[in-house]
Amino acid sequence: MSELRVVSSSVEEAASVAGNARDEAVTVKLGDVLDAVGSAMPGGNAAGSASVVAGSVDATAGKLSEALGGYQDALNRALASYTATDQRTDVDFTAFDALVNE
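Residues numbered from 1 in each chain as written. Predicted model: local features only at pLDDT ≥ 70, side-chain atom pairs only at ≥ 80, totals over all residues. Heavy atoms only, no water.

## Structural notes on helix 4 (residues 46-89)
Along its 44 residues, helix 4 runs 63 Å from first to last C-alpha, staying within 8% of the 64 Å computed at 1.5 Å per residue. Here helix 4 has its buried residues at Ala50, Ala54, Ala61, Ser65, Leu68, Gly69, Gln72, Leu75 and Leu79. Here the buried face of helix 4 lies against helix 1 (8-25), helix 2 (30-34) and helix 3 (37-40). (Helix = DSSP H or I, 4+ residues; strand = E, 2+ residues; numbered from the N terminus. Expected span 1.5 Å × (residues − 1). Buried < 20%, exposed > 50% of the residue type's maximum accessible area, 1.4 Å probe, protein only. Contact = heavy atoms within 4.5 Å.)

Quick look at the structure:
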């Protein structure tokens, strides 16, 4: 027989870590920083490239943030499902014990 054991605190911690990572990823804004490249290096070719790179990194960070939020939501839903299933399958043996111990 197979068993599935879920350590609720581990799932909760994983969801929390995913949420924290999502919160950090959403703050990535390289565009704000790299906009200054042009004025820092006048006449250089890096200004145009910097803005392209910044936009790409910012977009990727946004997608990562969304994915981490989805992962956090999935972990929370899974934990709720496991908990509900566990509660439905919990058997109260009080009446049985009373009959056996008579």
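## Some points on a nonpolar patch on the surface
Residues Leu30, Val33, Val53 and Val57 make up a contiguous nonpolar surface patch of roughly 290 Å² in combined accessible area. When you line up the elements, Val57 lands in helix 4. Given the relative accessible area of 31%, Val57 is considered partly exposed. (Patch = residues over 30% accessible without salt bridge, like charges linked within 9 Å, V, L, I, M, F, W, Y side chains within 5 Å. Areas by Shrake-Rupley, 256 points an atom, 1.4 Å probe, with all protein chains shown as cover. Salt bridge = Lys/Arg side-chain N within 4 Å of Asp/Glu carboxyl O.)

## Considering the environment of Leu64
Inspection of the secondary structure puts Leu64 in helix 4. In sequence terms Leu64 and Ala21 are 43 residues apart; their C-alpha atoms lie 9.1 Å from each other.

## Digging into the environment of Ala40
Inspection of the secondary structure assignment puts Ala40 in helix 3. Residue Ala40 is classed as exposed on the basis of its relative accessible area of 59%.

## Topic: the confidence of the model for the chain
Mean pLDDT over the chain stands at 86; residues scoring 70 or higher make up 96%. At the level of individual helices and strands, the chain shows its lowest average pLDDT in helix 3, which scores 73, and its highest in helix 1, which scores 96. (pLDDT = per-residue confidence, 0-100.)

## Comments concerning the pattern of salt bridges
One pass over the full model with this rule turns up one salt bridge. Of the charged contacts in the structure, one is a salt bridge between Arg22 and Asp23, with a shortest N-O distance of 2.8 Å. Overall, Arg22 belongs to the partly exposed group, its relative accessible area being 25%.

## Overview of the packing of helix 1 against helix 4
For the pair helix 1 and helix 4, the least separation of the axes is 8 Å and the interaxial angle reads 160 degrees. The angle between helix 1 and helix 4 places the two elements in the roughly antiparallel class. Where helix 1 crosses over helix 4, the handedness of that crossing is left-handed. Here helix 1 contributes Ser8, Val11, Glu12, Ala14, Ala15, Ala18, Gly19, Ala21, Arg22 and Ala25 to the contact with helix 4, which in turn contributes Ala61, Leu64, Ser65, Leu68, Gly69, Tyr71, Gln72, Leu75, Asn76 and Leu79. Looking at side-chain class alone, the contact of helix 1 with helix 4 contains 12 nonpolar, six polar and two charged residues. (Axes fitted to C-alpha atoms, helices over the stretch in contact; angles between N-to-C directions. Parallel < 35°, antiparallel > 145°, perpendicular 65-115°, else oblique. Left-handed = near helix turned anticlockwise from the far one by under 90°. Nonpolar A, V, L, I, M, F, W, Y, C, P; charged D, E, K, R; others polar.)

## Quick look at the environment of Val6
Among the structural elements, Val6 can be located in the segment before helix 1. Sequence-wise, Val6 and Ala78 are 72 residues apart; in three dimensions their C-alpha atoms are separated by 9.9 Å. Once you skip the residues sitting within four places of it in the chain, Val6 turns out to touch Val11, Leu79 and Tyr82.

## Observations regarding the side chain of Gln72
Along the chain, Gln72 falls in helix 4. Here Gln72 is in contact with Ala15, Ala18, Gly19 and Arg22, once residues within four sequence places are set aside.

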